[in-house]
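Below are the chains, spelled out letter by letter.
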Amino acid sequence: FRSSRMIFGNVLIADLNRDAGGADPYESDAVTLGGIDKTVRSGTEEGHVFASIRAENVGEAFDCFQDNCYVGAVIGRGLTNFGVKFIHGAQNNIVNRVDIDGYRVAGILFAGSGTSTRHCDGNKVLGGRIAGADSSNADAAPVHFQDSGAGTASVPKRNLVDGVEFFGESTSDYVIRSN
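Here the residue index of a chain counts from 1 through its sequence in written order. A pLDDT threshold of at least 70 governs which residues receive local features in this predicted model, and a stricter bar of 80 or more applies before side-chain atom pairs are shown or counted, although totals over entire chains, interfaces and linings include all residues. Side-chain calculation: all heavy atoms of the structure are included, whereas hydrogens and water are not.

A. Up close: the overall build of the chain. Scanning the chain from N- to C-terminus turns up zero helices and 18 strands. Per-residue accessibility, obtained with a 1.4 Å probe over protein chains only, is compared with the maximum for each type, and a residue is labelled buried under 20%, exposed over 50%, and partly exposed between these values. Counting across all 179 residues of the chain, residues that qualify as buried make up 46%. Residue contacts follow a heavy-atom distance rule, with two residues in contact if any of their heavy atoms lie within 4.5 Å. Pairs at least 24 residues apart make up 71% of the contacts formed inside the chain by residues separated by at least 6 positions. Method for areas: the Shrake-Rupley scheme with a 1.4 Å probe, in which residue coverage is limited to the protein chains shown. In the form shown here, the chain has an accessible surface area of approximately 8300 Å², with 50% of it arising from carbon and sulfur atoms. A run of H or I in DSSP counts as a helix once it spans at least four residues, and a run of E counts as a strand once it spans at least two, with each numbered from the N terminus.

B. Structural detail: unusual backbone geometry. Non-glycine residue N68 carries a positive phi angle of around 60 degrees. With respect to the helices and strands, N68 occurs in the loop between β4 (60-64) and β5 (70-71). Even without a glycine there, the phi angle at R158 is positive, about 55 degrees. Topologically, R158 is positioned in the loop between β15 (156-157) and β16 (160-161).

C. Inspection of the packing of aromatic side chains at higher detail. By convention, a stacked pair of Phe, Tyr or Trp rings (six-membered ring in the case of Trp) has centres within 6.5 Å and planes under 30 degrees apart, an edge-to-face pair has planes over 60 apart, and any other such pair is tilted. With the rule as written, the count across this model stands at three aromatic pairs. Judged by centre distance (6.4 Å) and plane angle (90 degrees), the ring pair of F62 and F86 falls under edge-to-face. Note that F62 is positioned in strand β4 and F86 in strand β7 (residues 82-86), a separation of 24 residues in sequence. The same class applies to F62 as to F86, namely buried.

D. Region of interest: the pattern of salt bridges. Salt bridges, as used here, are contacts in which a Lys or Arg side-chain nitrogen is within 4 Å of a carboxyl oxygen on Asp or Glu. Applying the stated rule across the entire model yields nine salt bridges. The residue D101 makes a salt bridge to R129 at a minimum N-O spacing of 4.0 Å. You can see D101 sitting in strand β9 (residues 98-103) and its partner R129 sitting in strand β13 (residues 128-133), a full 28 residues away along the chain. Look at R129 and you get partly exposed, because its relative accessible area is 27%. Its salt-bridge partner being D121, residue R158 comes within 2.5 Å of it at the nearest N-O pair. One end of the pair, R158, is in the loop between β15 and β16; the other, D121, is in strand β11 (residues 120-121), with 37 residues separating them in the sequence. Judged by relative accessible area, R158 falls into the exposed class, the value being 63%.

E. Quick look at the nonpolar core. The set of buried Ala, Val, Leu, Ile, Met, Phe, Trp, Tyr and Cys residues whose side-chain atoms join them within 4.5 Å is what this entry labels a nonpolar core. Ranked by size, the top nonpolar core spans 31 residues in total, and within it F62, V74, F86, V95, V98, V125 and I130 carry the most contacts. If sequence neighbours within four positions are ignored, V95 has contacts with F62, V71, V74, V84, F86, K124, V125 and L126. In terms of nonpolar packing, the next biggest core, distinct from the first, is built from seven residues, F65, A106, L109 and A111 among them.

F. Just the pairing of strand β3 (residues 49-56), in detail. One ladder, built from two bridges, connects β3 with β5; its direction is parallel. Within β5, the position partnered with V49 by the bridge is Y70. For two strands to be treated as a pair, DSSP must find no fewer than two bridges joining them.

G. View of the side chain of D121. Under the relative-accessibility criterion, D121 is labelled buried at 12%. Discounting chain neighbours no more than four positions away, the residues touching D121 are A90, Q91, N92, K157, R158 and N159.

H. Quick look at the side chain of H48. Within the secondary structure, H48 is located in the loop between β2 (29-33) and β3. Only 3.3 Å separates the side chain of H48 from the side chain of Q66, close enough to count as a polar contact. For the purposes of these results, a polar contact is taken to be a pair of N or O atoms within 3.5 Å, where, inside protein, one atom must be able to donate a hydrogen and its partner to accept one; residues adjacent in sequence count only when each atom of the pair is a side-chain atom.

I. Highlighting the state of the cysteines. In plain terms, two cysteine sulfur atoms within 2.5 Å form what is called a disulfide here. In this structure the tally under the stated criterion is zero disulfides. In this structure C64 is not part of a disulfide, and its nearest cysteine sulfur, from C69, lies 4.9 Å away. The exposure class assigned to C64 is buried, which follows from its relative accessible area of 0%. In this structure C120 is a free cysteine whose sulfur lies 8.6 Å from that of C64, the closest cysteine sulfur available. For C120, a relative accessible area of 0% gives the class buried.

J. View of the confidence of the model for the chain. The predicted model of the chain has a mean per-residue pLDDT of 78, with 69% of residues at 70 or higher. Confidence scores differ between elements of the chain, with strand β1 (residues 7-14) showing the lowest mean pLDDT of 60 and strand β12 (residues 124-125) the highest of 97. The quantity known as pLDDT measures the predictor's confidence residue by residue, on a range of 0 to 100.

Given below as structure tokens:
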């Protein structure tokens with residue numbers, strides 16, 4: 001559905017789209033804020049507010065490619081991919097606190113896009129903790145900045161992570177990766 005400035009309370013989503021083997025499909029997002037057309041911003045799909053998002057055993061806790069949204073807290077456990085993901089030209093969004101424990105790729109991702117010419121710009125994550133990188137993934141890191149590969153039309157820039165503590169079993173867990 002489409003709506004302008006939706007306000008949500010506390011959201012809990014767990015074990016979303018698990019297959020028979022118990023694995024999470026790549027796109028089993030707990031909450032996705034984005035339009036059908038990633039290249040056009042109509043202004044009607046922005047400014048959403050969530051008190052908190054708690055996601056357990058899903059692919060991604062919060063996937064955002066909208067503008068001017070606010071989330072009080074993102075709490076993620078057992079994430080196949082990302083805790084918080086800003087992509088496809090997401091701009092000026094705020095996540096006030098993260099508590100991510102258990103992720104395969106990154107606790108926070110700021111990414112460019114091959115489908116949007118808008119840069120991932122001005123997004124903020126302002127406190128909390130990230131722990132539990134998947135030790136079997138050599139590329140896992142608490143924070144990733146990436147351009148999304150060949151043919152990328154946009155890149156992440158002027159995004160901020162402030163006051164977030166990183167915990168891990170080895171020094172590789174303390175890496176902020178960029179490609």
